[in-house]
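Residue strings, one per chain:
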Protein chains: 2
Amino acid sequence: MKQVLRAAVVLAFILVFCQTARADDPLLSWNDGPAKTAIIDFVEKVTADGTADFVPVEERIATFDNDGTLWAEKPLYFQLFFALDRVKALAPEHPEWQTQEPFASLLKGDTKKALEGGQKAALEIVMATHTGMTTAEFENIVTMWIATAKHPETHRLYTQMVYQPMLELLDYLRDNGFKTFIVSGGGIEFMRPWTDNVYGIPPEQVVGSSIKTRFEMRPDGPVLIRLPDMNFVDDKTGKPVGINSHIGRRPIAAFGNSDGDLQMLQWTMAGPGARFALLVHHTDAEREFAYDKGAENALKEAAANGWTVVDMKDDWNAVYPPDGQ
Amino acid sequence: MKQVLRAAVVLAFILVFCQTARADDPLLSWNDGPAKTAIIDFVEKVTADGTADFVPVEERIATFDNDGTLWAEKPLYFQLFFALDRVKALAPEHPEWQTQEPFASLLKGDTKKALEGGQKAALEIVMATHTGMTTAEFENIVTMWIATAKHPETHRLYTQMVYQPMLELLDYLRDNGFKTFIVSGGGIEFMRPWTDNVYGIPPEQVVGSSIKTRFEMRPDGPVLIRLPDMNFVDDKTGKPVGINSHIGRRPIAAFGNSDGDLQMLQWTMAGPGARFALLVHHTDAEREFAYDKGAENALKEAAANGWTVVDMKDDWNAVYPPDGQ
């Protein structure tokens, strides 16, 4: 009996010790500094029961932009690399693309020229590669691509270009009762096949841009067909709209990196009680990319309002997950 | 020491006994019969680890229609009663409504005549009463109405016209790891203010019809304005579209009562593995309402495919929650 008791006490100590060691630094890849301190202060504040700042679990909603916030976005949005690969794969079925822009330039390997047509050209490429199949077929195409395609510069899988510190942040928030959502300008059905594996964010917690779909009863059962018709653009002023439509509650914390996230951050910060807004600032040309372009307004507003700005170079001791993860 | 031990043993027995008593009948308001048996068989099958029918927790998605499935829908959809009450409340600001249909008839108390204009008249009433304010203002209006408005025939609060057996079913599914969603033709923002309290379904698990909203930065902060412009009709073929858009996974169980739910049930049943489809059949003129109208196709398909059909009169020993709940 005594021995059993002693074993139990030892076990209890081990459990407590392990939990303490882990709780000591939930954000291992974050250097000590104002950003890390601000995150931890906020989480401790809203989870301290009995205080004025306490937020009930069901209201702990955190929304994350994807491109440039959870994974890299240079030299092009990764979804655009996907679209370019799809143009190549589909070219044999589209002989007209050999002479028709933006496809002709793409097929000659001149991505820059192909994208000179701006948003119109990009939309044309997306529609040609993202629609005309069932949702199940598209899911399979994305799943196969994301498992094998590699970034042209780092030669990493795209899913190995997610930010290790942000993975730790997602875990830390969830360990503290937060429900984490993606709210991205990227395609909702481009993200859903892999966000659960990579970020721990299930399909029903992904908000993004979308094309329309149509229900069709086929002889072998019902399908949803992806139509070449935009349904919703989840960017800029679209982000609060998407949040309201999908989540139906205002987040208490929001994370972004660009002007496309500004309205999401404004919307989040305008609610009552404790709130948190964070911008990832790309300052690390050596380990990732360094650029302010497209984030000028967000950075200005962050400075004016005291939002947390992550200096990737100073604040993160790791950028991508260790090789082979 | 002995006394403490004895107390602990007694307490353990009480706990086990209570849990057993509860587990014995999670569906107290359901009479023994094929519907109740089918529900329990399905749930036990998909939760039995190590069997071919086992479904991991994260894929246990169940979708419920609202009107006629979770609460009553006669003599009119309850949201239409809300709209009619809003017309009366807003009439002083709209002198033109005194002569303009469908408002003029409504204000004279002739609902039937007002709705003779069919869908166009209903849409006009909905747009006039559901748009032109911020999302926060609309939420307040709904919250106040639902707390006080009473059904013209039963004189119950509308939230006391939810079906007690369905509340038990929602709890039973959630106790077995299911995530429960509403997928309703009703307005998404008409439901969200009260579904968590009434059904235990949080805003982010409500899918419904919607109007467009626009983000606007006002001097006192950002708002979302509700626009008189339909965004999405979550009915019939729209239900699988709404499920795909909001949830991004196919449900393994779906619950409806009318032809508006048919495609949701078809979509649910077309997936692989164990599946469940249930139709609430309104057969109880005494305790609720008896009608097949609008459910003819769904009832036909249920019979053809062996879906579970609930005969309200025979299968439910209670319809509404006890008074005063």
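Conventions adopted
- Residues numbered from 1 in each chain as written.
- Chains lettered and ligands numbered in written order.
- Predicted model: local features only at pLDDT ≥ 70, side-chain atom pairs only at ≥ 80, totals over all residues.
- Heavy atoms only, no water.
- Contact = heavy atoms within 4.5 Å.
- Buried area = accessible area lost by both parts, 1.4 Å probe.
- Salt bridge = Lys/Arg side-chain N within 4 Å of Asp/Glu carboxyl O.
- Polar contact = N/O pair within 3.5 Å; in protein donor to acceptor, adjacent residues only side chain to side chain.
- Helix = DSSP H or I, 4+ residues; strand = E, 2+ residues; numbered from the N terminus.
- Nonpolar A, V, L, I, M, F, W, Y, C, P; charged D, E, K, R; others polar.
- Patch = residues over 30% accessible without salt bridge, like charges linked within 9 Å, V, L, I, M, F, W, Y side chains within 5 Å.
- Areas by Shrake-Rupley, 256 points an atom, 1.4 Å probe, with all protein chains shown as cover.
- Domains from an automatic or database assignment.
- Core = buried A, V, L, I, M, F, W, Y, C linked by side-chain atoms within 4.5 Å.
- Buried < 20%, exposed > 50% of the residue type's maximum accessible area, 1.4 Å probe, protein only.
- Pairing = 2+ DSSP bridges.

Under an unreviewed UniProt entry, the name given to chain A is Haloacid dehalogenase-like hydrolase, and the source organism is Oceanidesulfovibrio marinus.

This paragraph deals with the interface of chain B and chain A. Listed by partner, the interface residues are 31 residues for chain B and 31 residues for chain A. A buried area of about 2600 Å², summed over both sides, lies between chain B and chain A, and 55% of it is on carbon and sulfur atoms. Seen at the junction of chain B and chain A, the total is four salt bridges. Between Arg249(B) and Glu204(A) there is a salt bridge whose closest N-O contact spans 3.0 Å. Here chain B is connected to chain A by 14 residue pairs in polar contact (both at pLDDT 80 or more). Only β2 (179–187), α9 (188–199), β3 (206–218), β4 (221–232), α10 (238–246) and α11 (262–269) of chain B provide two or more residues apiece to the side of chain B that touches chain A. It is α10(B) that provides the largest number of residues to the side of chain B that touches chain A, a total of five residues. Looking at the side of chain B that touches chain A residue by residue, the classes come out as 15 nonpolar, ten polar and six charged.

To continue, consider unusual backbone geometry. All names here are of chain B. Cis geometry is adopted by the peptide bond preceding Pro75, which originates at Lys74 and carries an omega value of 0°. Position of Pro75 among the secondary structure elements: in the loop between β1 (61–64) and α3 (78–90). Going from Glu101 to Pro102, the amide bond is cis rather than trans, its omega being 5°. In this structure, Pro102 sits in the loop between α3 and α4 (103–107). For His155, which is not a glycine, the phi torsion comes out positive at approximately 60°. Mapped onto the secondary structure, His155 falls in the loop between α7 (135–148) and α8 (164–175).

What follows is about a nonpolar patch on the surface. Side chains of Leu123(B), Met230(B) and Val233(B) sit close together on the surface and give an oily, nonpolar patch of about 240 Å² of accessible area. Considering the arrangement of structural elements, one finds Leu123(B) in helix α6 (residues 118–130).

On to the domain arrangement of chain A. All names here are of chain A. Per the domain assignment, the segments of chain A are domain 1 (29–74 + 160–325) and domain 2 (76–152). One C-alpha centre belongs to domain 1, the other to domain 2, and the line joining them spans 26 Å. Facing 24 residues of domain 1, the contacting portion of domain 2 comprises 20 residues. Roughly 1900 Å² is buried in total at the junction of domain 1 and domain 2, and carbon and sulfur atoms are behind 72% of that figure. Area buried by domain 1 at its contact with domain 2 is led by Phe190, Pro193 and Arg226, which between them contribute 35% of it. The interface formed by domain 1 and domain 2 holds zero salt bridges in total. At the surface where domain 1 touches domain 2, the tally comes to seven residue pairs in polar contact (both at pLDDT 80 or more). The set of elements that each furnish at least two residues to the side of domain 1 that touches domain 2 consists of β2 (179–187), α9 (188–199), β3 (206–218) and β4 (221–232).

Moving on, we get to the nonpolar core. Inside soluble globular proteins, nonpolar side chains tend to come together where they are buried. Among the nonpolar cores identified, the biggest contains 70 residues, and Trp30(A), Met166(A), Leu169(A), Tyr199(A) and Phe255(A) are the most heavily contacted of them. The biggest single contributor to this core is helix α3 (residues 78–90) of chain A, with eight residues. Counting contributing residues per domain, this core is built from domain 1 (29–74 + 160–325) and domain 2 (76–152) of chain A, each supplying no fewer than three. Non-local contacts of Tyr199(A), meaning those with residues more than four positions away in its chain, are made with Asn66(A), Leu70(A), Trp71(A), Val162(A), Leu167(A), Leu170(A), Arg174(A), Ile182(A) and Trp194(A). In terms of nonpolar packing, the next biggest core, distinct from the first, is built from 69 residues, Phe42(B), Leu84(B), Ile201(B) and Val319(B) among them.

Okay, the pairing of β4(A) next. Residues and elements named next belong to chain A. Both β3 and β4 contribute to a ladder of eight bridges, which runs antiparallel. When the sheet's bridge partners are listed, Glu216 is paired in β4 with Val223. The loop that links β3 with its antiparallel partner β4 comprises two residues.

This paragraph deals with the pattern of salt bridges. In the structure shown here, the tally under the stated rule is 28 salt bridges over all chains. Its salt-bridge partner being Glu204(B), residue Lys179(A) comes within 2.9 Å of it at the nearest N-O pair. You can see Lys179(A) sitting in strand β2 and its partner Glu204(B) sitting in the loop between α9 and β3, one on each of two chains. Overall, Lys179(A) belongs to the partly exposed group, its relative accessible area being 21%.

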